[in-house]
Amino acid sequence: HKHFYQKIDWRKDLKYCGVPIWKNPNDLFLIQELISEIEPDYVIETGTAFGGSALYYAHLIEKYGGKLVITIDDCSNSYVPASHVRPTHPNLRYITSSSISFNVKEYIKNLIPNRKKVMVILDSCHAFQHVLTELDLYKDFVSLGSYLIVEDTNTDLVIESYGKGPDDAVKSFLKENDSFERVSELEEKFGFSFNAYLKRV
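In this report, we go over the structure that sits alongside the text.

Conventions and cut-offs
Residues numbered from 1 in each chain as written. Predicted model: local features only at pLDDT ≥ 70, side-chain atom pairs only at ≥ 80, totals over all residues. Heavy atoms only, no water. Core = buried A, V, L, I, M, F, W, Y, C linked by side-chain atoms within 4.5 Å. Buried < 20%, exposed > 50% of the residue type's maximum accessible area, 1.4 Å probe, protein only. Helix = DSSP H or I, 4+ residues; strand = E, 2+ residues; numbered from the N terminus. Expected span 1.5 Å × (residues − 1). Pairing = 2+ DSSP bridges. Right-handed = clockwise from strand over helix to strand, strands pointing away. Axes fitted to C-alpha atoms, helices over the stretch in contact; angles between N-to-C directions. Parallel < 35°, antiparallel > 145°, perpendicular 65-115°, else oblique. Left-handed = near helix turned anticlockwise from the far one by under 90°. Contact = heavy atoms within 4.5 Å. Nonpolar A, V, L, I, M, F, W, Y, C, P; charged D, E, K, R; others polar.

Looking at the nonpolar core
Membership of the largest hydrophobic core comes to 28 residues, with the highest contact counts inside it found for Ile44, Ile108, Val120, Leu135, Tyr138, Leu148 and Leu198. Counting only elements with at least two residues in this core, the list comes to strand 3 (42–46), strand 4 (68–73), helix 5 (102–111), strand 6 (118–122), helix 6 (128–138), strand 7 (147–150), helix 8 (166–176) and strand 9 (196–200).

Shown next, in the form of structure tokens:
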């Protein structure tokens, strides 16, 4: 796990349809399986970066009859060049804002009709309090049987000096929210995962 994260240049070399996509390929394949199983109408993503993953999700939900990928980013990422043009797709909508803005939550509520199948993927700032706030803000969007996916819960495994991060936020969240359970079998399915997969039960 540490070798892959620190030695393989996955940030530089991994692209989807020519767009950088900073993800573990194991997780990309697993999310593809979950989307094909659940067939969500909407996917909410925080942390757009280059837009590679948003495009990936847009192509997937289009295949299964989904409506929209809503991806949120405040565009403060220093590693994304100002000249970078994010990909477009009819099933893709960008929101430029902090992912923990209450106004953004209210805006998204107006986009998504009641009783629709929704999956949420959190991948913006990985600070403990930020992730915990995201979890609280977006949990109610997740439909029964669908997933709230928290990315980069591996920070304590691969960066020894990181401190409290996404995995600690997940553990704290689950103590207070019994409507979600962590599906560890998914994290182990392809050997290792960067993420936590929380199923709404």
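Let's pick the thread back up.
A word on helix 4 (residues 52–63)
Spanning 12 residues, helix 4 covers 17 Å between terminal C-alpha atoms, matching the ideal 16 Å at 1.5 Å per step. The element helix 4 is largely enclosed, with a buried count of nine among its 12 residues. Of the residues one or two after helix 4, Gly65 is the one with positive phi, at around 85°.

Focus: the pairing of strand 7
The alternating pattern of strand 7 places Tyr147 and Ile149 on one face and Leu148 and Val150 on the opposite face, and all of these are buried. Of the pairings in the sheet, the one linking strand 6 to strand 7 comprises three bridges and is parallel in character. By the bridge assignment for strand 7, Ile121 is matched with Ile149. Taking the sense of rotation as the criterion, the β-α-β connection linking strand 6, helix 6 and strand 7 turns out right-handed.

Focus: the packing of helix 6 against helix 8
Where helix 6 meets helix 8, the axes come as close as 8 Å, and the angle between the chain directions of the two elements is 40°. Looking at the two axes, helix 6 sits oblique to helix 8. Crossing hand, helix 6 versus helix 8: right-handed. Contacts from Phe128, Val131, Leu132, Leu135 and Asp136 of helix 6 reach helix 8 at Pro166, Asp168, Ala169, Val170, Ser172 and Phe173. Grouping the amino acids of the contact of helix 6 with helix 8 by side-chain chemistry returns eight nonpolar, one polar and two charged.

Thoughts on unusual backbone geometry
Of note in the backbone geometry, Cys17 takes a positive phi value of approximately 50° without being a glycine. Along the polypeptide, Cys17 turns up in the loop between strand 1 (15–16) and strand 2 (19–20). The exposed category is assigned to Cys17, whose relative accessible area is 56%. Of note in the backbone geometry, Cys75 takes a positive phi value of approximately 60° without being a glycine.

Points about the packing of helix 3 (residues 25–38) against helix 4
Two quantities define a packed helix pair, namely the angle between the axes and the distance from one axis to the other. Across the interface, helix 3 lies against helix 4 with an axial gap of 10 Å and an inter-helix angle of 30°. The orientation of helix 3 with respect to helix 4, classified from their angle, is roughly parallel. As helix 3 packs across helix 4, the resulting crossing turns out to be right-handed. Residues Leu28, Phe29, Ile31, Gln32 and Ile35 of helix 3 pack against Tyr56, Tyr57, Leu60 and Ile61 of helix 4. Class assignment of the residues belonging to the contact of helix 3 with helix 4 gives a composition of eight nonpolar, one polar and no charged.

That is the geometry; function is a separate question.
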